[in-house]
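Residues per chain, in single letters:
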Amino acid sequence: MKENTRLLLFTGSYASAAESGVQVFEFDGEAGGTLTLLDTAQGLTNPTFVNVDAEGLRLHAIGEKPGADGGKEGEIISFAIDPQAGKLTELKRIATMPAAGQTQTTTCHISREPGNEYIVVCSYHGGLVGLLELDQEGLPVRLTDTAVHTGQRNLPGQDKPHPHSAIFSPDEKFLFVSDLGLDLIRTYRINREKQTLEALGDTLLHEGAGPRHFVFHPDGKSAYVINELDSTVTSFLYDSAEGTLTTVATVSTLPEGYSGNNGCAEIALSGDGRYLYGSNRGHDSIVVYAVDPQTAQLTLLEHVSTRGGHPRHFALTPDSGYLIVANRDGNNLVVFSVNRDSGRLSFTGNEAAVSKPVCVKPAYFPVSADQ
């Protein structure tokens, strides 16, 4: 652990407004990966994804609320983070994309531009991507643009667009939106004068893939998407000057011979870019690959049980020493240690009980020397 820092872990869950939807834990790697609950936040409905601004001491959680016309719409709830006490103080709520009639515009993903000028949210059910401006306090002030995805595929789960995540390129020039319903990754650029999302082009996936979450290699020369519907990972070489992806290969996330139901969820790379991790919901495992950064080829290393059902999300600690899994149906967070040489995972024996956790985000925070 860095000197005079504290590693806090924030989780989002499926929850009613009366329940604890957001939790704050202290993570102690020196004690073998223990989790200590410090705070909870109520009054949010289904805060299923969170974004941590460690430098600005802000936490942004998505939520949902009834729309004026009877549908459901998304909102962002922003908190101040007190790293010394590990406490949250709600600062602001803002609607993301208003519901239109009975249409759901609830959001499933939130990301923040590294330059801290914008937040981007994705509406899975609404087929929408929203751009929200941030003020100098790091708080969202207004929705400046909404990108609408249209079309469909002729397979189950793909009857309409389903934007599932939005990820900025390492140089912040481009935004990549994975659309599970259309089997594509759409590239956008933010027009800062007009404060709009400009679509630049699409990278098509194979039919029935269902791309969900996307990650760049630390060297910025390759990228990887986990495909929810057919349990695969597709790798790409990335041209940072043009913002284009070239498909390299697609590999299964499942053991050979497995025939049960499965749907993939999260994907992450180790800090050194040598290992790639993905979650299987159904097989209930983390798949581990070795990465060749020059070619973006993947080599299967192992599958590790998540010790709980439906691993909706997981995260590596900032030093890549541990991996924490959020098992929605297991109602638990499970901590694994990461072998830095081999990339392989080992259960630490440490868990924490959380009702229906679906997002987990760790971050370092500075604290006083006597903390």
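Residues numbered from 1 in each chain as written. Predicted model: local features only at pLDDT ≥ 70, side-chain atom pairs only at ≥ 80, totals over all residues. Heavy atoms only, no water.

## With respect to the pattern of salt bridges
Turning to step 1, where the next piece is worked out: Taken as a whole and assessed by the stated rule, the structure comprises 19 salt bridges.
Turning to step 2, where the next piece is worked out: A salt bridge links E75 to R93; the shortest N-O distance between them is 3.4 Å. Here the residue E75 occupies a position in strand β6 (residues 72-82), and R93 occupies one in strand β7 (residues 87-95), the gap between them amounting to 18 residues.
Turning to step 3, where the next piece is worked out: One continuous salt-bridge network, built from bridges that share partners, spans E75, E90 and R93. (Salt bridge = Lys/Arg side-chain N within 4 Å of Asp/Glu carboxyl O. Helix = DSSP H or I, 4+ residues; strand = E, 2+ residues; numbered from the N terminus.)

## A closer look at the pairing of strand β26 (residues 332-338)
Turning to step 1, where the next piece is worked out: Across the 7 residues that make up β26, a large majority, 6, are buried.
Turning to step 2, where the next piece is worked out: Pairing analysis gives 6 bridges linking strand β25 (residues 322-327) to β26, with the strands arranged antiparallel. The residue of β26 that forms the bridge with Y322 is S337.
Turning to step 3, where the next piece is worked out: Here β25 folds back onto β26, and the loop between the two strands holds 4 residues, one of which, N331, carries a positive phi near 50 degrees.
Turning to step 4, where the next piece is worked out: Between β26 and the antiparallel strand that follows it, strand β27 (residues 345-353), lie 6 residues; G343 among them carries a positive phi value of about 80 degrees. (Buried < 20%, exposed > 50% of the residue type's maximum accessible area, 1.4 Å probe, protein only. Pairing = 2+ DSSP bridges.)

## Quick look at the nonpolar core
Turning to step 1, where the next piece is worked out: Counting residues in each nonpolar core, the largest one holds 29 residues, and the members touching the most others are F10, L59, I81, L88 and V121.
Turning to step 2, where the next piece is worked out: Element by element, the count of residues in this core is highest for β6, at 4 residues.
Turning to step 3, where the next piece is worked out: Each residue touching I81, except ones within four places of it in the same chain, is listed here: L8, F10, V52, L57, R58, L59, K87, L88 and F365.
Turning to step 4, where the next piece is worked out: Membership of the second largest hydrophobic core comes to 16 residues, among which are C122, Y124, L175 and Y188. (Core = buried A, V, L, I, M, F, W, Y, C linked by side-chain atoms within 4.5 Å. Contact = heavy atoms within 4.5 Å.)

## Considering the environment of E73
Turning to step 1, where the next piece is worked out: Locating E73 in the fold gives a position in strand β6.
Turning to step 2, where the next piece is worked out: Taking the C-alpha atoms as reference points, E73 and Q104, 31 residues apart in sequence, are found 5.9 Å from one another.
Turning to step 3, where the next piece is worked out: Those residues within four positions of E73 in sequence are excluded, and the remaining contacts are G63, E64, K65, P66, G67, A95, M97, P98, A99, T105 and T106.

## Some remarks on the sheet that holds strand β16 (residues 211-216)
Turning to step 1, where the next piece is worked out: Taken in spatial order, the 4 strands of this open sheet run β16-β17-β18-β19, and their pairing is antiparallel. Every interior strand has two partners, whereas the edge strands, β16 and β19 (244-252), have only one. Sheet twist, expressed as the mean angle between neighbouring strand axes with direction ignored, is 25 degrees.
Turning to step 2, where the next piece is worked out: Where β16 meets strand β17 (residues 222-227), 5 bridges bridge the pair, whose relative direction is antiparallel. Opposite F216, over in β17, you have A223 as the bridge partner. (Axes fitted to C-alpha atoms, helices over the stretch in contact; angles between N-to-C directions.)

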